[in-house]
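In case you want the letters, here they are:
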Amino acid sequence: MTRQEPVAAGVGSGRDHARQVRKVAFSGLLGTVIEYYDFLLYSTMAALVFGTLYFPASNPATSTIAAFGTLAAGYVARPLGGLLFGHFGDRLGRKSALVTSMLLMGVASVLIGVLPTYETLGLTAPLLLVLLRVVQGIAVGGEYGGAALMVIEHADPRRRGAWVGIMQMGSPLGSLLSNGAVALVTLLPKEQFLAWGWRIPFLASAVLLLIGLYVRLSVVESPLFREAVAAGAARKREPVPLVRVLRKPRAVLLACAAGIGPFALTALIGSHSVAYASGLGYELPDIMRAHLLISLTGLVGIPLFSALSDRIGRRRVLMLGAIGAVVFAFPMYALVGTGSVPAMTAALMTAQVFQNLMYAPLAPMLSEMFGTRVRYTGVSLGYQMASLLGAGFTPMVAAALVAGTGGSNLPLSWIIVLAVGISITAVLLIAETSGRDLRGEPAG
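Source: prediction; values computed, not measured.

Observations regarding the domain arrangement of the protein chain
Thought 1: What the domain assignment lists for the protein chain is domain 1 (19-231) and domain 2 (240-443).
Thought 2: Between domain 1 and domain 2, the C-alpha centre-to-centre distance is 18 Å.
Thought 3: Facing 61 residues of domain 1, the contacting portion of domain 2 comprises 54 residues.
Thought 4: Surface buried jointly by domain 1 and domain 2 totals about 4,800 Å² across both partners, of which 70% is contributed by carbon and sulfur atoms.
Thought 5: Looking only at domain 1, the three residues that lose the most surface to domain 2 are Tyr 75, Asp 90 and Arg 160, adding up to 13% of its buried area.
Thought 6: The tally of links from domain 1 across to domain 2 stands at 2 salt bridges.
Thought 7: Taken together, the connections running from domain 1 to domain 2 amount to 21 residue pairs in polar contact (both at pLDDT 80 or more).
Thought 8: In terms of residues, the side of domain 1 that touches domain 2 owes the most to one element, helix 2 (residues 60-91), which gives 18 residues.
Thought 9: A breakdown of the residues in the side of domain 1 that touches domain 2 according to their chemical character gives 32 nonpolar, 20 polar and 9 charged.

Right, dumping it as C-alpha cells:
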C-alpha cells in the first residue's frame, strides 16, 4: 500500500482547489499544444519540403535523410533543455521555467517561417535551420516535464492520471493543428506550396504563443515546490539537482528506458510514415487525412488511458500497449504496403492506440518516481533522453534501412519490436507508483 498525501498546503480546499487545478491543467494543455504544434510541424515539413529547399541533392532519398538529420538535432537538444529548465525549475520554480520555454519555442518557429532557403543563402540556410531546430529542442525539453508535474503537484493523489491526461491532450491537439495546417497549405499548387505556402503554419504559431503566454502567466506556483523551498531554507545549501539525481541513477535510467518504446512508435507513425507512404505511391492529401484521424485517435486515447492508470495502475496500462505494439508490428506495415488508403489509415490508427496506451501513463509514473526538489530535473532528463533514443534518430535510421534494403518494410517492424522490448524490460523493474506520496523520497 502507498500512503496518500493530503491536499497540498497553500492550494485551499473544495471549490477553490478544484478551480486552481482546472486552471493549471488548462495552462499545461495550452503550453503542450503550442510546443508540440511547433515541434511536430517541423517534423512533417522535414519529410515534405526541407530536403528540397535546404538540402538539395540529385538523389531525393539523400535529401530526405539529410532533412531527417536536422529533425534529429532537435531531439539531441531535448535532454539539454530538460537539464537546463529542470535545474532552474527545481531551484527557482516551475512557472518561470515554463514561461521561458514557451517563449523560446514560439520565437524559433516564427524565425523558421521567415528563413531564406539554400538558393538564397547557400550553406548558411541549412545551418540556421539546424540552429533553430536546436532551440526548438531545448524549449520542448523544458516544457513537458514542467507542465506535467505542475498539474500533478496540484492534483488530488487519486486523480493525478485523470488531470495530467488533460494536459497530455496537448500532444494530439498540437499534432492535429499541425497536420490540419499542413493539410490546408498542401492544397495549394505545388509551386506555390514550395515557394511560400509551407511558411504559413510556422508564422501562425505567433498567435498561439500570445494566447499561451497570457494563460500561463496567470497560474500560481506549485504548492509542493513552495513547501519544499520553505523546508529547505532551514537546511544547508543543497547539491545541484542533477547531482542529486545521478547519485542514485536507477530511477532516471528506468524512466528513460520505459519511454523509448512509445517514442519510437511516435516517430514511425508520425514523421517517417509521411515519407514512407509517399514513396509507396500514396497521394499526399490521403496521407495527411490519415494523420488527422491519427491525431483524433490520440485526442481520445491519451486522456482515457491516463485516467485508467489511476484505477488499474500505471504499469498495467503501459504493458497492455507494449504487448499490443509488438504483436501488431508486422501486420501494421503489411497493411500499409497494400496500397489501400483505408488499410493504411486503419493500420496507423491501430498502432496509435497502442502508442497511447504506452504514452499516457508516462507523465504520472515518471513524476511519482522523483522527490520534489529534483522532480523537474529527473522527469525532464528521463523523458527527454527517451525521446532522443526512441525518436531522435528513428526516422533517419528507418529511411536509410528502407533505402538500403530495396524498400523492404521488415526493418521498420523490427525497430518497433526492439524499442518496445526495452520499455517492457524497464516497466517490469519499476514498482507501481500510482498514488505514491509526492512528499516522500524518490522511488526507483
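Regarding the pattern of salt bridges
Thought 1: The full count for this structure, using the stated rule, is 9 salt bridges.
Thought 2: Between Arg 160 and Glu 368 there is a salt bridge; the shortest N-O distance is 3.0 Å. Residue Arg 160 is found in helix 6 (residues 160-168), and its partner Glu 368 is found in the loop between helix 16 (362-367) and helix 17 (375-392); the two are separated by 208 residues along the sequence. Neither residue differs from the other here; Arg 160 and Glu 368 are each classed as buried.
Thought 3: Across the salt bridge formed by Asp 310 and Arg 314, the nearest N and O atoms sit 2.9 Å from each other.

Procedures and definitions
Residues numbered from 1 in each chain as written. Predicted model: local features only at pLDDT ≥ 70, side-chain atom pairs only at ≥ 80, totals over all residues. Heavy atoms only, no water. Domains from an automatic or database assignment. Contact = heavy atoms within 4.5 Å. Buried area = accessible area lost by both parts, 1.4 Å probe. Salt bridge = Lys/Arg side-chain N within 4 Å of Asp/Glu carboxyl O. Polar contact = N/O pair within 3.5 Å; in protein donor to acceptor, adjacent residues only side chain to side chain. Helix = DSSP H or I, 4+ residues; strand = E, 2+ residues; numbered from the N terminus. Nonpolar A, V, L, I, M, F, W, Y, C, P; charged D, E, K, R; others polar. Buried < 20%, exposed > 50% of the residue type's maximum accessible area, 1.4 Å probe, protein only.

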